[in-house]
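One letter stands for each residue in the lines below.
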Amino acid sequence: MAIDLQEKIRIDIIEDELLRLKGVQLSILRLDEIHPLVSGNKWFKLKENIKDAIATGSRSLLTFGGAYSNHLSATAFAAQAFGLGAVGVVRGLHGKENLTETLKQCEAMGMQLQFVSRNDYAQKESSSFLTSLRIQYPDTYIIPEGGDNEAGIKGAGEIADYIPETATYVALPVGTGTTFAGIRNSLNSRVNMLGFTAVKGGEYLAGEIREKLHTDDEHWQLITSHHFGGFARYNPELIAFMNEFYKLHKVPLDMVYTAKMMYGIYDMVQRDFFPKGTNIVCIHTGGLQGNSAVSQYLQYS
Ligand SMILES: *Cc1c(COP(=O)(O)O)cnc(C)c1O
């Protein structure tokens, strides 16, 4: 690949009174360090897609997302970095005058935005909608929402290479479950995996993940109780947790995914879910660009 963002990845060890008391080791794989606008896991999910796009002679990437989508901004960045054009099909009709920070950044990186109604957006996997997009944008390579395809699963599997062999638990946030499935497929099956779902009612995601797995290994489970009211919802308790975590450990978390995962981990440590001697590696999947929606509440500097 022409650009290497992965050299910046590192692991931070987290230490505090509670962890010491419970005999649990916790560290964070900092995929957020890859790039401020590219969520770490999105980069891995895009890599194999970009290879396919280039190999098939495509001249642009087209993908889908909402007005705060980390996947849209990651795609805009990656397309620009590889000299490809980019089209973002955005859910909801946003006027040019009230673009979110995310969408402004996408445009600044050269992504062409096409706004579609929520009803049309719901058709984004139908062959007639995809065909009309192919006619409108010839030579484009279409990536599903969230990078949720085979290439995305394969690319996410590479994240497993960065997980130390001493880990007994790996925890990460779950949106579509593509990243989770990719890592599960590549990680030693003895290691337990916990996925923290970011939506309300995330139980259905277990089935979606199972379909993406190459193994029937059962050393994994979803934790669905820390959604704080739903996708991208937050309350003062979550914001206070983010500020406290940053103050103690100097690790910024994002409001949609990683803060809810970390809150859940601490809750489970507190309730003795993990036996003494457990070594948890949490994956910081990035997403910090999405904090622009709550930046006035965060003490991150
Ligand atoms: C998109 C995203 C996720 C979810 O990834 P999936 O592969 O869709 O499960 C998790 N964390 C962050 C920061 C993200 O941007």
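For the structure itself, consult the block above.
Note that this is a predicted model, so its numbers are computed, not measured.

Rules of the game
Residues numbered from 1 in each chain as written. Predicted model: local features only at pLDDT ≥ 70, side-chain atom pairs only at ≥ 80, totals over all residues. Heavy atoms only, no water. Buried < 20%, exposed > 50% of the residue type's maximum accessible area, 1.4 Å probe, protein only. Helix = DSSP H or I, 4+ residues; strand = E, 2+ residues; numbered from the N terminus. Pairing = 2+ DSSP bridges. Axes fitted to C-alpha atoms, helices over the stretch in contact; angles between N-to-C directions. Parallel < 35°, antiparallel > 145°, perpendicular 65-115°, else oblique. Left-handed = near helix turned anticlockwise from the far one by under 90°. Contact = heavy atoms within 4.5 Å. Phe/Tyr/Trp six-rings, centres within 6.5 Å; stacked < 30°, edge-to-face > 60°. Near = heavy atom within 4 Å. Polar contact = N/O pair within 3.5 Å; in protein donor to acceptor, adjacent residues only side chain to side chain. Areas by Shrake-Rupley, 256 points an atom, 1.4 Å probe, with all protein chains shown as cover. 1 Å grid on protein atoms, 1.4 Å probe; cavity = no way out; pocket = protein on both sides within 12 Å on 5 of 7 lines; lining within 4 Å. Sits in = over half its atoms within 2 Å of the grid points.

**Q** Residues and numbers for the pairing of strand β2 (residues 25-30), please.
**A** In terms of burial, β2 is a largely internal element, five of the six residues being buried. Summarising the sheet, β2 and strand β10 (residues 279-284) pair through six bridges and their orientation is parallel. The residue of β10 that forms the bridge with L29 is I283.

**Q** Quick rundown of the packing of helix α2 (residues 40-55) against helix α3 (residues 70-81)? Include the residues and the values.
**A** It is the contact of α2 with α3, at a shortest axis distance of 10 Å, that shows an interaxial angle of 50°. With respect to their mutual orientation, α2 and α3 come out oblique. Here α2 and α3 pass one another in a crossing that is right-handed. Residues K42, W43, L46 and I50 of α2 lie in contact with α3, whose contacting residues are N70, H71, A74, T75 and A78.

**Q** Break down the packing of aromatic side chains for me, with residues and values.
**A** Counting across every chain of the model gives 15 aromatic pairs. When the centroid spacing of 5.0 Å and the interplanar angle of 85° are considered together, the rings of F228 and Y263 count as edge-to-face. Of this pair, F228 sits in the loop between β9 (220-223) and α10 (236-249) while Y263 sits in helix α11 (residues 258-270), and the two are 35 residues apart along the sequence. A relative accessible area of 17% means that F228 is categorised as buried.

**Q** Lay out helix α7 (residues 150-157) with the relevant residues and their values.
**A** Along an α-helix, a turn takes 3.6 residues, which lines up residues three or four apart on a common side. When you tally the buried positions in α7, you get six out of eight residues, the bulk of the element. The set of residues buried in α7 consists of A151, G152, I153, G155, A156 and G157. Tucked inside the fold, the buried residues of α7 contact α2, α8 (178-186) and α9 (205-212).

**Q** Quick rundown of the environment of A206? Include the residues and the values.
**A** Of note, A206 is situated in helix α9. With near-sequence residues (within four places) excluded, A206 lies in contact with W220 and L222.

**Q** I'd love a proper account of the site of the ligand, names of residues and values included.
**A** In the region of the ligand, 16 residues are neighbours, and K42, N70, T176, T179 and T285 sit closest. One of the backbone N or O atoms of G175 is found 2.7 Å from an oxygen atom in the ligand. At a separation of 2.8 Å, an oxygen atom of the ligand approaches a polar backbone atom of G177. Contact with the protein chains hides 98% of the accessible area of the ligand, taken as 380 Å² for the molecule alone. If you map the ligand onto the pockets, it falls in the largest pocket. Among the secondary structure elements, those contributing two or more residues to the shell around the ligand are α2, β7 (169-174) and α8. Looking at which element gives the most residues to the shell around the ligand, the answer is α2, with three residues.

In short, shape yes, function no, at least from these values alone.
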